[in-house]
Amino acid sequence: MTYHSAKGLQFDIVILPMYNGASDNESRKALYVAMTRTMHKLFVLYSTTNLAYPLSDVPTKLYLKNEV
């Protein structure tokens, strides 16, 4: 399901695959919609060593990082 089609809906678990950051306003809006659809768990998957902006500003004590 796309972020835009999920607007107004809620889900127990939301998975954001291949997160590469949100540098422009449109990307940040889509990220906001995707992240606020979850009721219980949010999984952000990324392939870099660190989260990209704007999630890089989130304090590490607020999330669990699992490395594969």
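Residues numbered from 1 in each chain as written. Predicted model: local features only at pLDDT ≥ 70, side-chain atom pairs only at ≥ 80, totals over all residues. Heavy atoms only, no water.

*Asks:* Please clarify how the overall build of the chain should be interpreted in this entry.
*Replies:* If you tally the helices and strands in the chain, you get one helix and two strands. Counted from the first residue to the last, the chain has its helices and strands arranged as β-α-β. The globule rule puts the C-alpha radius of gyration for 68 residues at 11 Å, and the 12 Å found for the chain is close to it. C-alpha extents for the chain along the principal axes are approximately 30 × 25 × 20 Å. In the chain, buried positions account for 19% of the 68 residues. The contacts in the chain between residues at least 6 apart in sequence include a share of 70% that link residues at least 24 apart. Of the accessible surface of the chain, which amounts to about 5500 Å², a share of 57% is contributed by carbon and sulfur atoms. (Helix = DSSP H or I, 4+ residues; strand = E, 2+ residues; numbered from the N terminus. Rg over C-alpha atoms; globule rule 2.2 N^0.38 Å. Buried < 20%, exposed > 50% of the residue type's maximum accessible area, 1.4 Å probe, protein only. Contact = heavy atoms within 4.5 Å. Areas by Shrake-Rupley, 256 points an atom, 1.4 Å probe, with all protein chains shown as cover.)

*Asks:* Is there a simple way to explain the pairing of strand β2 (residues 38-44) in this structure?
*Replies:* Walk down a regular strand and you will see the side chains alternate between the two sheet faces. With five bridges joining them, strand β1 (residues 11-16) and β2 adopt parallel strand pairing. Paired with Ile15 across the strands is Phe43, a residue of β2. A crossover connection joins β1 to the parallel β2 through helix α1 (residues 25-35); in handedness this β-α-β unit is right-handed. (Pairing = 2+ DSSP bridges. Right-handed = clockwise from strand over helix to strand, strands pointing away.)

*Asks:* What is the right way to read the nonpolar core from this model?
*Replies:* For soluble globular proteins, nonpolar side chains are generally found buried alongside one another. Residues Val14, Leu16, Tyr19, Ala22, Leu31, Ala34, Leu51 and Leu55 constitute the largest nonpolar core, which totals eight residues. Counting residues per element, the ones that place at least two in this core are β1 and α1. With residues near it in sequence (within four places) discarded, Leu55 still touches Tyr19, Leu31, Met35 and Val44. (Core = buried A, V, L, I, M, F, W, Y, C linked by side-chain atoms within 4.5 Å.)

*Asks:* How do you make sense of the confidence of the model for the chain when you look at a structure like this?
*Replies:* Where the model shows low pLDDT, its predicted coordinates should not be examined in detail. When pLDDT is averaged across the chain, the result is 89; 100% of the residues are at 70 or more. Ranking the helices and strands of the chain by mean pLDDT puts β2 first, with 94, and α1 last, with 91. (pLDDT = per-residue confidence, 0-100.)

*Asks:* Sorry if this is basic, but what is going on with the environment of Pro54 here?
*Replies:* Structurally, Pro54 can be placed in the segment after β2. C-alpha separation for the pair Pro54 and Met1, spaced 53 residues apart in sequence, amounts to 22 Å. When neighbours within four sequence positions are excluded, Pro54 is seen to be in contact with Tyr19, Ala22, Arg28 and Leu31.

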